[in-house]
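Reading the structure
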Amino acid sequence: MLDISEDGRTWVLSGPASSYAVHVTDRDELLHLHWGARIGLADAEALAVRPLPDYWPFESPLDGREEYPVEGGPRFARPALSVRTGERRGTEWTYEGHDAEDGELRLRFRDGDLAVTLHYRMRSSTDVVERWVTLDNHGPAVEVLRADSATWTLPDRDTWRLSQLHGRWGAESRLERSALTHGEKVIGSRRGHTGHQHLPWVALDTDATEERGEVYGCALGWSGSWRIAVAQLPDARVQITGGAGYDDSGLLMLGTGESYTTPVFAGLWTDGGYGGASRAWHAYQRAYVIPGADQDRPVLFNSWEATEFDISEEQQRALAERAAAMGVELFVVDDGWFGTRTSDRAGLGDWTPNPDRFPGGLKPLAEHVHGLGMQFGIWVEPEMVNPDSDLYRAHPDWVQYQPGRKRTEFRNQLVLNLARVDVQEYLWEQLDGLLSSAPIDYVKWDFNRCFTDAGWPDDPYPQRLWVDHVRALYALLDRLRAAHPGVAFESCSGGGGRIDLGVLGRTDQVWTSDNTDPLDRLAIQHGFSQIHPARVMAAWVTDSPNAMLNQRASSLRFRFVSAMAGVLGVGGDLTKWTERELAEARDWVELYKEIRPVVQRGELHRLRPPEGGLSAVQYVLGDESVVLAWLQAQRYGEPVPALRLRGLDPSASYECLKTGEVHRGAVLLHHGLRVGLRGDLDATVVRLKRK
Ligand code: GLA
């Protein structure tokens, strides 16, 4: 809902529980008025006439109060927009007017030949505000050093706490909370992809808990380098500025008639605590970001941990037969099926099946897999090339490189320059051809190294490569999805190195982490769930002891219940599993299919965080609820505490579908559900249905 004042200079966007208000002064300053609980237009107008603070000359009254601080003029805060032309640097805009259409508000400003439009969108069923900016250049070339998507302003409060998700390979999305102090906290990626180091999300609160309190959150939809700066200004005002690009060394050059649209930076206010914030983010992504989120994701098998590079058609058939017998619905052949890819030293770039390994191409295996009643998927890493490949031998200039410098290799590979049109066309032809060559239903799209030598010798403004790579990736994914609407895509980057609202708009699920240890995963999943829903969070059951990470041994039960918190997959070497293990796995897969709608589409309540001995999550969908609980280690023979459930009706009764026991809602909410976990690494699933 959008309310506009009579003079057309104050706007209030409202969602079910919150409002967002801005105002243009008669000096054409765009001021932030309100973000928080719902207010009306009269409240916003009262805020608009409150005088700005009267500072001594060493502070600016605009700092901490503007919606989109530009470089130049009476400002010392971090500019969201920094541009220069041959003659001028910075921006001095005049307000041109506004447009409002379908819940989207556009505020139009102009500085000479450069039009700057701020976009706001709040859709009816969500409190998420989407913000982005477009620049349209009608004059001589403008260099855009920095164009953030938005600056978010928080209300005056005494102290703020910052939540973020940090990590590295094998240890992504771990939640960290710290007190915000004066100055700036900057997170981001200067690696060309979203990065394992931080998810592009922050949350700020003063005294929230899991169940209650005000929480502000911001999440960026961009899969390249990015930066979010959280600043506590001298007067304790907090602003959060974020967008594409890590630094201010130049984003792109806008020629005459050219435009740039920033990625979306989404913001959410809730007073439902951390849990309420997560549920609102999940609902928003399921409704407006993730394609086809109302369809549940199938249980998949992935061959990577089972076989790594040593693959053959016969061996994949054997795995597929065992997977099908277990109830798996989608069989994915990982790395090693193409070119001369028998190790990570060769073959990336040559997207044709290895004739020694797949003499008839992928079709016979795909058909066999379909014959077993499963969908068929493959792994690709299209943005990369091994120097030992036909592609690189033919086009050594198609990679990112700096002339006269060494080409830095990670995992024996270089990054293709996707900003080049010829590279874009090559990838389109290869991938379109591949998807047409065999009945392929699923593509795991990987990205296994960061940018280092992001140069483009023939281009007058090589800096644009950073942004153009991501745009080309998005365009390629969009084109492939349109041409092959039945194919689903998974975003992977050495595990969770490319997870953000941008890639989630064009992929069906993400590979959360290469760490498949079921205990480590609980913390990774806990962090992931702060922002993204279970519907996209792929999790595999692999072999025990965990060969990839830490040799930790765990029961099949613990591994399954850990992976059942997201989109269940299996990734172990099934040819080595005993008949008993295979039979047990079949039962778990069957159970997962029963709880899947509740896990993938339900509301998540984090009952106990993974740091303690006992952790648990609960999903609620309609009359059904599912509790997954994990015990790391029982101490002193103490019984584990009862789990106080959430999201139930206190006046209703709930039946445990396994035991038939009936529980009263009020008892479950106030006194809890007893789960009889024992010993080390124990786990359970409880299904409840309202009677
Ligand atoms: C990355 C992925 C793995 C696997 C390998 C294949 O590391 O995260 O899941 O696909 O590449 O080389």
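For every chain, the first residue of the written sequence is number 1, and numbering continues from 1 along that sequence. Local features are withheld for residues below a pLDDT of 70 in this predicted model, meaning they are given only at 70 or higher, and side-chain atom pairs are given and counted only at 80 or more; totals for whole chains, interfaces and linings count all residues. Side-chain calculation: all heavy atoms of the structure are included, whereas hydrogens and water are not.

Any residue with at least one heavy atom within 4 Å of a molecule or strand is counted as near it. Around the ligand sit 13 residues, and of these Asp-334, Asp-335, Arg-411, Lys-444 and Asp-514 come closest. Within the side chain of Asp-334, an N or O atom sits 2.7 Å from an oxygen atom of the ligand. Contacts described as polar in this section are N or O atom pairs within 3.5 Å, which, within protein, must combine one atom able to donate a hydrogen with one able to accept it, while residues neighboring in sequence count only if both atoms come from side chains. The side chain of Lys-444 places a nitrogen or oxygen atom 2.7 Å from an oxygen atom of the ligand. Only the protein chains shown count as cover for residues, and the accessible areas themselves come from Shrake-Rupley with a 1.4 Å probe. In isolation the ligand has 310 Å² of accessible area, and contact with the protein removes 96% of it. Each residue is assigned to one class: nonpolar for Ala, Val, Leu, Ile, Met, Phe, Trp, Tyr, Cys and Pro, charged for Asp, Glu, Lys and Arg, and polar for all the others, Gly among them. Partitioned by chemical class, the residues of the shell around the ligand number four nonpolar, three polar and six charged.

Before going further, it helps to examine the domain arrangement of the chain. For the purposes of this description, domain bounds are those given by an automatic or database domain assignment. Each assigned domain of the chain is listed here: domain 1 (74-288), domain 2 (300-601) and domain 3 (608-690). Taking only C-alpha atoms into account, the centre of domain 2 sits 34 Å from that of domain 3. Listed as interface residues are 23 residues of domain 2 and, on the opposing side, 20 residues of domain 3. Regarding the contact of domain 2 and domain 3, the summed buried area is about 1700 Å², with carbon and sulfur atoms giving 76% of it. Contact with domain 3 buries area across many residues of domain 2, yet Phe-558, Val-561 and Val-598 alone supply 33% of it, more than any other trio. One speaks of a salt bridge when a side-chain nitrogen belonging to Lys or Arg is within 4 Å of a carboxyl oxygen belonging to Asp or Glu. Where domain 2 packs against domain 3, one counts one salt bridge. For the salt bridge of Glu-594 with Arg-687, the shortest nitrogen-to-oxygen distance reads 2.7 Å. For the pair domain 2 and domain 3, the interface holds four residue pairs in polar contact (both at pLDDT 80 or more). Here a helix means four or more residues in a row that DSSP labels H or I, a strand means two or more in a row labelled E, and each is numbered from the N terminus. Of all elements in the fold, only helix 10 (518-531), helix 11 (556-563) and helix 12 (579-601) reach the threshold of two or more residues within the side of domain 2 that touches domain 3. If you tally residues by element for the side of domain 2 that touches domain 3, the top one is helix 12, at eight residues. Contacts: residue pairs with any heavy atoms within 4.5 Å of one another. Accessible-area loss on putting two parts together, using a 1.4 Å probe and summing over both, is the definition of buried area adopted here.

Two strands are said to pair when DSSP picks up at least two bridges between them. Overall, antiparallel pairing links the three strands, which are arranged 5-10-19 in an open sheet. Whereas interior strands pair on both sides, the edge strands pair on one side only; in this sheet they are strand 5 (81-84) and strand 19 (252-254). If you compare each strand with its neighbour and ignore which way they point, the axes differ by 30° on average. In terms of strand pairing, strand 10 (residues 142-147) meets strand 19 through three bridges, oriented antiparallel. Across the sheet, the residue bridging to Glu-143 is Met-253, located in strand 19. Structural elements are reduced to axes, namely lines fitted to C-alpha atoms, with helices fitted over the stretch in contact, and the angle between N-to-C directions of any two is expressed from 0 to 180 degrees.

Taking the UniProt record as the reference, the feature "binding site: substrate" (unreviewed entry) is found at Trp-169, Asp-334, Asp-335, Arg-411, Lys-444, Trp-445, Asp-446, Phe-447, Asn-448, Cys-492 and Asp-514. Structurally, Trp-169 is set in the loop between strand 12 (161-166) and strand 13 (174-179). When near neighbours in sequence (up to four residues on either side) are disregarded, Trp-169 contacts His-196, Gly-494, Asp-514 and Leu-549. Positionally, Lys-444 belongs in strand 27 (residues 442-445). Sequence-distant contacts of Lys-444, defined by excluding residues within four places in its chain, comprise Asn-302, Asp-334, Ile-378, Trp-379, Val-380, Glu-490, Cys-492, Trp-511 and Trp-540. UniProt positions are given in the numbering used here, feature names are shortened, and annotations may be inferred rather than shown by experiment.

Lining residues are defined by having an atom within 4 Å of a point belonging to a cavity or pocket. Those points lie on a 1 Å grid over the protein atoms alone, cavities being sets where a 1.4 Å probe fits but cannot get out and pockets being open sets with protein on both sides within 12 Å along at least five of seven lines. Grid points are joined across faces, edges and corners, and a volume is the space filled by probe spheres set on the points. Considered as a void within the structure, the largest pocket measures approximately 600 Å³ in volume. If you go around the largest pocket, you meet 26 residues; those closest to its centre are Cys-656, Lys-658, Thr-659, Val-685 and Val-686. Secondary-structure elements contributing two or more residues to the lining of the largest pocket are helix 12, strand 36 (662-664), helix 13 (665-670) and strand 37 (680-690). Tallied by class, the residues present in the lining of the largest pocket amount to 13 nonpolar, six polar and seven charged.

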